[in-house]
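Residue strings, one per chain:
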2 protein chains.
Amino acid sequence: MNMRSGRLLGLGVGPGDPELITVKALRLLRAAPVVAYPVAKGRSSNALAIVQEYLRPEQVLLPMVYPVTIEKLPPPFCYETALRGFYDDAAVSVAAHLDAGRDVAAICEGDPFFYGSFMYLHDRLAERYETVVVPGVCSVVACAAAVATPLVYRNQSLTVLSGVLEADELTRRLAACEAAAVMKLGGNFAKVRAVLGSLGLIGRALYVERATMATERVLPLVAVEAATVPYFAMILLPGTRWDGQGAR
Amino acid sequence: MNMRSGRLLGLGVGPGDPELITVKALRLLRAAPVVAYPVAKGRSSNALAIVQEYLRPEQVLLPMVYPVTIEKLPPPFCYETALRGFYDDAAVSVAAHLDAGRDVAAICEGDPFFYGSFMYLHDRLAERYETVVVPGVCSVVACAAAVATPLVYRNQSLTVLSGVLEADELTRRLAACEAAAVMKLGGNFAKVRAVLGSLGLIGRALYVERATMATERVLPLVAVEAATVPYFAMILLPGTRWDGQGAR
């Protein structure tokens with residue numbers, strides 16, 4: 001490791017409310033000469049919006065622009081290949097600053113290692129550069145707070161699933177769990193709701209969009225219009241309330 | 001709701017490092033006239049230790065003293081009954097301050113709704129008093145940061161389990177998951193390690209004690225002495241690194 005290189009800082013900035021950044025991430029963010037942020041092509045960056053008020057004018061902003069935002073592409077295009085190329089390119093851009101001795105704060109919604117975009121930079125750069133990862137408030141617990149409902153009691157298990165999974169796999173996993181969070185809804189919402197319906201779980205499910213952001217919405221599952229569901233929506237199945245009568 | 005009552009504030013203070021509190025929790029903590037904290041009888045409070053440096057001398061400290069610290073008691077004692085009584089008593093103590101118009105900051109390690117002691121206060125008081133819950137950095141993501149390893153990629157699922165579960169149940173659940181965190185180790189460690197061994201997962205498992213605290217330790221699973229494992233230890237099974245070659 002070249003000791004004159006900058007440090008790679010993976011900073012979880014929390015679920016959306018700028019106040020849900022940690023004191024540590026805020027300190028490192030403000031001290032970093034370069035701030036790298038993920039942004040989908042043609043859109044604004046959620047991660048950047050979260051920290052905007054904390055940035056100093058002299059900080060260099062380094063956008064890492066996602067090539068595509070949906071996962072199903074017509075042949076010969078392949079999302080996985082495009083994404084891999086994007087991360088390779090982003091790592092090169094970040095490394096240029098590190099090589100020049102500048103710390104780079106790579107900001108990440110929620111937590112860096114919990115489905116965070118930072119993971120792919122980490123896999124490409126952490127062996128070569130000193131790396132600091134600051135955990136953040138992840139969306140699952142932010143959603144539980146938004147719906148004012150405890151998520152897991154005592155010795156209950158929690159399963160976190162991606163809405164991208166096929167219906168039969170979702171069915172099998174949701175049938176076996178005591179508490180669950182289904183993330184990455186967007187276009188997968190109608191499928192997930194149908195699975196919950198088939199399992200008789202609609203009544204227990206809680207739906208949250210953009211938890212802790214100014215645009216947060218909490219809706220009954222039956223009231224959700226599938227076509228309007230954003231990627232940053234989640235369904236929670238909280239664990240059964242513990243009444244003090246048993247080990248769970 | 002009596003509008004002159006104080007507010008119940010459930011504040012996640014993060015996994016251990018005082019800097020991993022959020023800006024919001026810190027603001028509400030410092031403004032609250034009363035700070036309620038959980039503490040096991042005869043021990044010091046981890047939650048209080050995390051926020052100690054932020055407290056003001058004039059704040060009233062309200063200890064909520066756990067009656068027992070282990071889950072298996074000889075008859076006629078019953079841990080569940082004792083615990084229920086403890087939470088009932090704690091709720092009464094907190095409610096007395098709320099009724100007097102004082103906000104009570106109930107601090108909680110990690111996140112309030114993720115196995116947090118605050119959940120039991122919430123269940124007893126949230127219908128009667130205005131309640132604010134501030135999510136926190138939970139131990140699972142803090143441990144992933146401690147071992148510098150991404151936890152879940154793309155559409156992988158994460159299962160969070162309690163080490164208290166029986167060996168056969170742990171076996172069934174761990175065999176079916178892509179990434180996992182086993183919490184509440186303590187005296188359950190030897191059982192959990194044996195299960196991981198039977199599943200051939202020892203090599204993938206990462207062991208962390210007291211993540212982000214000054215006493216944090218990361219050890220290879222085979223090097224851990226079972227008798228020394230604290231309750232605040234965790235085993236992580238991170239998801240397989242995504243190499244850009246498939247949908248996961």
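Since we're looking at a predicted model, the values are computed, not measured. (Residues numbered from 1 in each chain as written. Chains lettered and ligands numbered in written order. Predicted model: local features only at pLDDT ≥ 70, side-chain atom pairs only at ≥ 80, totals over all residues.)

Caption draft 1: Representation of the pairing of strand E2 (residues 34-40) of chain B. Residues and elements named next belong to chain B. Buried residues dominate E2, accounting for five of its seven residues. Where E2 meets strand E3 (residues 60-66), seven bridges bridge the pair, whose relative direction is parallel. Considered in E3, the bridge of Ala36 is made with Leu62. The handedness of the E2 to E3 crossover, carried by helix H2 (residues 46-51), is right-handed. (Buried ≥ 20, exposed ≤ 12 C-beta atoms within 10 Å, placed from the backbone. Helix = DSSP H or I, 4+ residues; strand = E, 2+ residues; numbered from the N terminus. Pairing = 2+ DSSP bridges. Right-handed = clockwise from strand over helix to strand, strands pointing away.)

Caption draft 2: Region of the structure containing the sheet that holds strand E1 (residues 8-12) of chain B. Residues and elements named next belong to chain B. Taken together, the five strands give an open sheet; going across it, the order is E3-E2-E4-E1-E5, and neighbouring strands pair in parallel fashion. In this open sheet, the two strands that pair with only one neighbour each are E3 and strand E5 (131-134). Across this sheet, the average inter-strand angle for adjacent strands is 20°, counted without regard to direction. (Axes fitted to C-alpha atoms, helices over the stretch in contact; angles between N-to-C directions.)

Caption draft 3: Representation of helix H4 (residues 118-125) of chain B in the model. All names here are of chain B. Most of H4 is tucked away: six of the eight residues are buried. Those residues of H4 that fall on the buried side of the exposure criterion are Phe118, Met119, Tyr120, Leu121, His122 and Leu125. Against E1, helix H3 (79-99), strand E4 (104-108) and E5 lie the buried residues of H4. (Contact = placed C-beta atoms within 7 Å.)

Caption draft 4: Seen up close, the environment of Ala95 of chain B. Residue and element names in this part refer to chain B. Its place among the elements puts Ala95 in helix H3. Ala95 gets classed as partly exposed once you count the C-beta atoms within 10 Å, which come to 19. Through-space distance from the C-alpha of Ala95 to that of Leu8 is 8.7 Å; in sequence the pair is 87 residues apart.

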